[in-house]
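# Examining the three-dimensional arrangement
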Amino acid sequence: MPLHHAVLALLTRRPNHGYELKARFEEAVGPQWGGLNIGHLYQILERLVRDGYVSRSQVTQTDRPDKNLYTLTEAGEAELRSWATTAWVRVGGFRDELFLKLLGAVALGPQALTTLIDSQRQTYLSELAGLAQQRRAHADEPLVAVLIDAAIAHTKADLGLLDSAAQHLVPLATAQSAQAPERSPAQVQGDADETGGHGGTRGDRTESA
């Protein structure tokens, strides 16, 4: 995630120290993004200082330890402007654990696939209900509201994906299940005996060693 540039954006208003930046970030993006780890934030700030995008100065405090104050440089503002005005392009493919679950469910057969789809549908519907509550709670915070709207749109698209999965994958799972060779009880027992035999061999070797 381009958190480096988000930190630059927060510094456009005024210099800040680390905990102020953490609080401002979490307030700006709202609950959908999640909290910002302070250790990770300081790593980001170190890199921004090293790259010349941010300068660091020390502020003396009489009643508490000195603190570092971070200020956006001209180079940092130019970097932020270049990043913030350029279209985002997906570079890592589209990965979602749901697709791997669908792969596993198809392999297990149509009943497993239907169970997964029904369960996932209920999960998405619950997420939508929670997002609707968040949207009402943050209606007067434009940036947070936009992020929640994006989460709502994404979840609705995921619901549509489940319809597509049911349409295309249930027949596939049914066909694969019908084509799978049946295993006789003797084959299953044979596999168990073979596994047990190998385990005994390894145990004998361990004892002899």
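Whatever comes next refers back to the structure up there.
As a convention, each chain's residues are numbered from 1 in the sequence order in which they are written. The predicted nature of this model means local features are confined to residues of pLDDT at least 70 and side-chain atom pairs, given and counted, to a pLDDT of 80 or more, with totals for whole chains, interfaces and linings taken over all residues. Calculated side-chain values reflect all of the structure's heavy atoms, with hydrogen atoms and water omitted.

### Structural notes on the overall build of the chain
Helix numbering and strand numbering both begin at the N terminus, where a helix is a DSSP run of H or I of at least 4 residues and a strand a DSSP run of E of at least 2. A count of helices and strands for the chain gives eight helices and two strands. Going from N to C terminus, the chain has its helices and strands arranged as α-α-α-β-β-α-α-α-α-α. The buried share among the 209 residues of the chain stands at 23%. Residues count as neighbours in contact if any of their non-hydrogen atoms are within 4.5 Å of one another. Residue pairs in contact within the chain that sit at least 24 positions apart in sequence constitute 58% of those at least 6 positions apart. Areas reported as accessible are Shrake-Rupley estimates using a 1.4 Å probe. Residue values count occlusion only from the protein chains shown. When the accessible surface of the chain is split by element, carbon and sulfur atoms take 54% of a total near 14200 Å². For every residue, the accessible area (1.4 Å probe, protein chains only) is compared with the maximum for its type, and the residue is labelled buried under 20%, exposed over 50%, or partly exposed between those bounds.

### Looking at the pattern of salt bridges
The salt bridge criterion pairs a side-chain nitrogen of Lys or Arg with a carboxyl oxygen of Asp or Glu, the two atoms within 4 Å. In this structure the tally under the stated criterion is six salt bridges. Note that Glu 46 and Arg 56 form a salt bridge whose closest N and O atoms lie 2.5 Å from each other. Residue Glu 46 is located in helix H3 (residues 38–50), and its partner Arg 56 is located in strand S1 (residues 54–59); the two are separated by 10 residues in the primary sequence. Taking the shortest distance from any N to any O, the salt bridge between Glu 77 and Arg 81 comes out at 3.7 Å. On the criterion of helical spacing, the pair formed by Glu 77 and Arg 81 is a turn pair, its members being four residues apart in helix H4 (residues 74–84).

### With respect to the nonpolar core
The biggest cluster of nonpolar side chains holds 18 residues, and the ones touching the most others in it are Leu 102, Leu 113 and Leu 162. At the level of elements, helix H5 (97–108), helix H6 (110–137) and helix H7 (142–179) are the ones that each hand at least two residues to this core. The dominant element in this core, judged by the number of residues it contributes, is H7, at eight residues. Beyond its immediate chain neighbours, meaning those up to four positions away, Leu 113 contacts Leu 102, Ala 105, Val 106, Leu 169, Val 170 and Ala 173. What is meant by a nonpolar core is a set of buried Ala, Val, Leu, Ile, Met, Phe, Trp, Tyr and Cys residues, joined one to another through side-chain atoms within 4.5 Å.

### Points about the environment of Glu 127
Within the element layout of this structure, Glu 127 appears in helix H6. As for Glu 127 and Thr 155, which are separated by 28 residues in sequence, their C-alpha atoms are 7.6 Å apart.

### Considering H6
The end-to-end C-alpha distance of H6, which contains 28 residues, comes to 41 Å, matching closely the 40 Å that a straight helix rising 1.5 Å per residue would cover. Listed in full, the buried residues belonging to H6 are Leu 113, Leu 116, Ile 117, Gln 120, Tyr 124, Leu 128 and Leu 131. Expected span of a helix: the number of residues minus one, times 1.5 Å.

### Here we look at the packing of aromatic side chains
Two aromatic rings, drawn from Phe, Tyr or Trp (for Trp, its six-membered ring), form a pair once their centres lie within 6.5 Å of each other, and the interplanar angle then sorts them: stacked below 30 degrees, edge-to-face above 60, tilted otherwise. Evaluated as defined, the whole model comprises one aromatic pair. Consider the rings of Tyr 19 and Tyr 42, whose centres lie 6.5 Å apart with planes at 70°: the pair is edge-to-face. With Tyr 19 in helix H2 (residues 18–29) and Tyr 42 in helix H3, the pair connects residues that are 23 residues apart, well separated along the chain.

### Focus on the side chain of Gln 120
Looking at where Gln 120 falls in the secondary structure, it is placed in helix H6. A relative accessible area of 16% means that Gln 120 is categorised as buried. Discounting chain neighbours no more than four positions away, the residues touching Gln 120 are Leu 98 and Leu 162.

### Quick look at the packing of helix H1 (residues 3–10) against H4
For helices, the axis comes from a line fit to the C-alpha atoms of the stretch in contact; other axes are also lines fit to C-alpha atoms, and the angle between any two N-to-C directions lies between 0 and 180 degrees. Two elements in contact, H1 and H4, have axes whose closest approach is 10 Å; the angle formed by their N-to-C orientations is 120°. By the angle class used here, H1 and H4 are oblique. H1 and H4 meet at a crossing whose hand is left-handed. Contacts between H1 and H4 involve His 5, Leu 8 and Ala 9 from the former and Gly 76, Glu 79, Leu 80 and Trp 83 from the latter. Classes in brief: Ala, Val, Leu, Ile, Met, Phe, Trp, Tyr, Cys and Pro nonpolar; Asp, Glu, Lys and Arg charged; the others, Gly included, polar. The residue makeup of the contact of H1 with H4, split by class, is four nonpolar, two polar and one charged. Note on terminology: angles under 35 degrees are roughly parallel, angles over 145 are roughly antiparallel, angles of 65 to 115 are roughly perpendicular, and the others are oblique. In this scheme the handedness of a crossing depends on how the near helix is turned from the far one: anticlockwise by less than a right angle means left-handed, clockwise means right-handed.

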